[in-house]
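A closer look at the structure
Spelled out from the first residue to the last, the chains are:
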2 protein chains.
Amino acid sequence: MTSDMLAQNARWPKFDDKIFAAAKRASDAINLYGKEKVIDSTLGALYDDDGNIVAFDSVYKCLENMDRSLIASYAPIEGTIEFQKNVIDVCFGKYKPQAYIRAVATPGGTGAVRHGIWSFTGEDDPVICHDWYWPSYELICDEFKRNFVTYELFDEKYKFNIKAFEKTFRKELRKKDRLLAIFNTPANNPTGYSLSDDEWDRVLEIVLDEAKNKNKKITLLLDVAYMEYAGSGEQKKFFTKFQNLPDNIFILIAFSMSKAYTAYGMRSGAAIGLSSNEDIVDDFYYSLSHANRANWSNGNHSAMEILTKLNEDKDMEKSYLEDLNKYRAMLEGRARAFIESSKEVGLEILPYFGGFFISIPAENSEKISSLLEEKNIFIIANKNGLRFAVCAVSKDKCRKTPRIIKEVMDSIKK
Amino acid sequence: MTSDMLAQNARWPKFDDKIFAAAKRASDAINLYGKEKVIDSTLGALYDDDGNIVAFDSVYKCLENMDRSLIASYAPIEGTIEFQKNVIDVCFGKYKPQAYIRAVATPGGTGAVRHGIWSFTGEDDPVICHDWYWPSYELICDEFKRNFVTYELFDEKYKFNIKAFEKTFRKELRKKDRLLAIFNTPANNPTGYSLSDDEWDRVLEIVLDEAKNKNKKITLLLDVAYMEYAGSGEQKKFFTKFQNLPDNIFILIAFSMSKAYTAYGMRSGAAIGLSSNEDIVDDFYYSLSHANRANWSNGNHSAMEILTKLNEDKDMEKSYLEDLNKYRAMLEGRARAFIESSKEVGLEILPYFGGFFISIPAENSEKISSLLEEKNIFIIANKNGLRFAVCAVSKDKCRKTPRIIKEVMDSIKK
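To keep things clear, this report deals only with the structure shown in the data block. All values reported here derive from a predicted model rather than from experimental measurement. (Residues numbered from 1 in each chain as written. Chains lettered and ligands numbered in written order. Predicted model: local features only at pLDDT ≥ 70, side-chain atom pairs only at ≥ 80, totals over all residues. Heavy atoms only, no water.)

Observations concerning the overall build of chain A
Note the cut-off: We count a stretch as a helix when DSSP gives it H or I for four or more residues in a row; a strand needs E for two or more, and each element gets its number in order from the N terminus. Each radius of gyration is computed over the set of C-alpha atoms, and the globule rule expresses the reference value as 2.2 Å times the number of residues to the power 0.38. Relative accessibility under 20% of the residue-type maximum defines a buried residue, over 50% an exposed one, and the middle range a partly exposed one, all with a 1.4 Å probe and only protein chains included.
A tally of regular secondary structure across chain A gives 14 helices and 11 strands. Whereas a compact globule of 414 residues would reach a radius of gyration of roughly 22 Å, chain A reaches 21 Å, a difference of no more than 12%. Seen along its three principal axes, the alpha-carbon backbone of chain A occupies a region of about 60 × 55 × 50 Å. Across the 414 residues in chain A, those meeting the buried criterion constitute 65%.

What follows is the structure, encoded as structure tokens:
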């Protein structure tokens, strides 16, 4: 930042996209050495074994058959009525909680996370999150001057660290009346962890206890971007816990079409709000409509229509579920290969229940990552370890990689 | 607003979309009485004479021929390099100023206006605008607690009211060091007015005078959403005035694909920044990249590709320009019919130079609008008058409507 032309709140250093830069180096290596010789685990999208991005036939056939006039026309600010209805249906599956529920369309899950942080916290209010997290949560808090605080995701047994959560949650609520807690589950990015139903019970016990003080306004923001790759429906059972909650606990779900519909580039998602109090959900709906209008007016109309059609038309739904199941199975196969192989070579990895990534805890993750790059293996280094993208690497390569990672890690220890 | 669950900054009353509600009543009337009997001037999109939304063949053929893998994949945060380059080219045409220029992709023009207000003003800083304006400017200022101040767009001769601008501009800069001035030109929404080159000279004289004080940070935000319907290229000549400006004047152009490409529902546009100082434009670029990441991550990839292809491929460019010229001529024909007919019946209208709307100054605009609705003529009432959508009404109906408006206005006066 070299000048004072920008307002104080908008002065940011050069944005350094580590992932994009690593992806570029991987792609250069592929051009130089050939696809077979390179393992590119940098990308956060689903790729088939030939290295091509997966685009569900059901989704893109629906787009290709769509009237130009629909694609061209504005969607309503809040999203079409049909999208609002269907996205709730799709999100909860069989496990829709008994609560008042409304949805507002957003550009991807990002828009919903942004709205949640913007609308349910004020400046300096705490936004708490587990310490393996998608970096944008922190960046959004920086942008809007919220206080981003992390706690350890895992205890020593690699279970959800309920004590760490409790300590941070209670401590921040002693300082402030308003708190938002982000949970990226099921199938956490970057670890693949999912909170179990029992773990959710314990979280809610603590949240309910603090909520006895009616001055406390608590929002749980659930980022479920990878949910459809964490099971075939039963992973949604925990949603039914979000009913009969007191008025001062609000549940906000950030829903994304990016992964579940292989529609990353179309920018469509929703903020889904739940409360036991109808008025509060209405307040949420009108507040987020205002925020939609103020930030991007309205969303991608064709993407809303795709979700609607693929849920309402039985044949199209069937094709969509076939696509989803096929690629979820592909992902599971790759993850199994990586996990088994890790076990064989003694590589410690974090518990994986689904999603696009598996994480390897490591100090010196930057060092390891750059040594791996010398072997043409491109893996993103996080603060606490390495993020391996099973979404982007063939099963064969998933089987081969753990041994090489282990060797590099051992070589550093010596 | 019934509860205090939302943070203070996000409490908004039920969002009442007047235009959407009027459009619904018009569509009900069409179903009841038939298309021929109803004049629906509520919509802000281009419709052909049969009442169908226009979707340029060149644009949608490009989409239909696009690789699924491109549509599916994420675009970079700032937009593709090709989009950044081509959108600058398309925006300025032959009249690219000698300045440092960079572009960041945004969801429609709204995203760019939002970024401009967010990044170049702080809380309570003045955002000044002419008093015929798109209501979202004010709404964005409300959302982000900026101080929205208007001045009269017109003097008594229906020319740009340079004195009103000067008074407000200088007055607000006496109170604050940082100011953003919005100009929605060429082809203002809702009046169709364009500032002439001479009027721009006088604006810049005043701006340059205030900018002698280097503590003053002045941003001119130009919303050019309707520019392509305000001439066949020469209307862009005023852009060349934005060169050799001092460092404390920043020019930000809100570019939209919505109207120029009949791509409203795809949500694509750009914030284009200009400065004589390369560092300041770089600061702008990284700040807005941060804001992109924090608000919506990235934009609609396919829309960026459409703009790129339609500018780089000579044949596709030719088809696109044919589409654009054809529909601009249609719009001009309708506007001419409306203006001539207004003259004949003595209906006072505001000067129109292009764009989607013509405005009729009127007190009691709500009353007139509801009386017109009884005659199945649906026209949006603004604070200062009526907004007639030449974009949405056939030439025949454009010719017929002024007489009926005049009669209704006269009947109220009696």
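Read on for the rest.
Describing the relation of the copies chain B and chain A
Spelled out, the test is: The copies are overlaid by a least-squares fit using only the C-alpha atoms of residues whose pLDDT is at least 70 in both copies. Between two residues, a contact is recorded if the distance between any of their heavy atoms is within 4.5 Å.
Taken as rigid bodies, chain B and chain A are interconverted by a rotation of 180° and an axial shift of 0.0 Å, the fit giving an RMSD of 0.0 Å. The symmetry that links the two subunits is that of a two-fold axis. Among all residues of chain B, the minimum C-alpha distance to the rotation axis is found for E64 of chain B, at 3.2 Å. A shared binding surface is used by both copies, with 100% of the interface residues of chain B retained as interface residues in chain A.

Some points on the sheet that holds strand β6 (residues 217-223) of chain A
All names here are of chain A. Operational definition: A pair of strands counts as paired when DSSP detects no fewer than two bridges linking them. Every axis in this analysis is a line fitted to C-alpha atoms, fitted for helices over the stretch in contact. Angles between the N-to-C directions lie between 0 and 180 degrees.
Taking strand neighbours across the sheet as the criterion, the 7 strands line up as β2-β8-β7-β6-β5-β3-β4 in an open arrangement whose pairing is mixed. If you trace the sheet from one side to the other, it starts and ends with β2 (100-106) and β4 (147-151), each paired once. On average, adjacent strands in this sheet sit at an angle of 20° to one another, irrespective of strand direction. Where β6 lies against strand β7 (residues 249-256), 6 bridges are found, and the strand directions are parallel. Its bridge partner being in β7, L220 is matched across the sheet by I251. Strands in contact with helix α7 (residues 162-175) are β3 (126-130), β4, β5 (178-184) and β6; relative to β4, the strand with the most contacts, it is inclined by about 150°. Where helix α10 (residues 278-295) meets the sheet, it contacts β2, β7 and β8 (269-275), and its direction lies at approximately 5° from that of β2.

Points about the interface of chain B and chain A
The condition that has to hold: Throughout, buried area stands for the accessible area (probe radius 1.4 Å) lost by two parts on being put together, summed over both. By convention in these notes, a salt bridge is any Lys or Arg side-chain nitrogen within 4 Å of a carboxyl oxygen on Asp or Glu. Three classes are used, and their members are as follows: Ala, Val, Leu, Ile, Met, Phe, Trp, Tyr, Cys and Pro are nonpolar, Asp, Glu, Lys and Arg are charged, and the others, Gly among them, are polar.
If you look at the interface, chain B gives 84 residues, while chain A gives 84 residues. Between chain B and chain A, roughly 6900 Å² of surface is buried when both sides are summed, and carbon and sulfur atoms account for 59% of that area. On the chain B side of the contact with chain A, M5, R68 and H290 of chain B bury the most area, a combined 12% of that side's loss. Put simply, K217 of chain B and D4 of chain A hold a salt bridge, and the shortest N to O gap is 3.2 Å. At the level of elements, α2 (57-64), α3 (68-72), α5 (108-120), α6 (136-143), β6 (217-223), β7 (249-256), α9 (257-260) and α10 (278-295) of chain B are the ones that each hand at least two residues to the side of chain B that touches chain A. If you tally residues by element for the side of chain B that touches chain A, the top one is α10 of chain B, at 12 residues. Considered class by class, the residues forming the side of chain B that touches chain A number 37 nonpolar, 26 polar and 21 charged.

Here's the deal with the pairing of strand β8 (residues 269-275) of chain B
Residue and element names in this part refer to chain B. Taking burial as the measure, the 7 residues of β8 include 7 buried ones, the bulk of the element. Residues G269, A271, G273 and S275 line one face of β8 and the alternating positions A270, I272 and L274 line the opposite face, and both faces are buried. With 7 bridges connecting them, strand β2 (residues 100-106) and β8 associate as antiparallel partners. Looking at the pairing, T106 lines up with G269 of β8. Where β7 and β8 come together, 6 bridges link them in antiparallel fashion. Among the inter-strand pairings, L252 is bridged to a residue of β8, identified as G273.

Focus on a negative patch on the surface
Our working rule: Every patch collects residues that have over 30% relative accessible area and no salt bridge, joining them within 9 Å if they carry like charges and within 5 Å if they are nonpolar side chains (Val, Leu, Ile, Met, Phe, Trp, Tyr). All accessible-area figures derive from a Shrake-Rupley calculation using a 1.4 Å probe, and residue coverage is judged against the displayed protein chains alone. The charge count treats Lys and Arg as positive and Asp and Glu as negative. His and the chain ends do not count. By convention, the point assigned to a charge is CZ for Arg, NZ for Lys, CD for Glu and CG for Asp.
Taken together, the side chains of E123 and D124 of chain A together with E123 and D124 of chain B make up a negatively charged region of the molecular surface. Its place among the elements puts D124 of chain A in the loop between α5 (108-120) and β3. The class for D124 of chain A is partly exposed, based on a relative accessible area of 48%.

Function-wise, these values are silent; they only describe arrangement.
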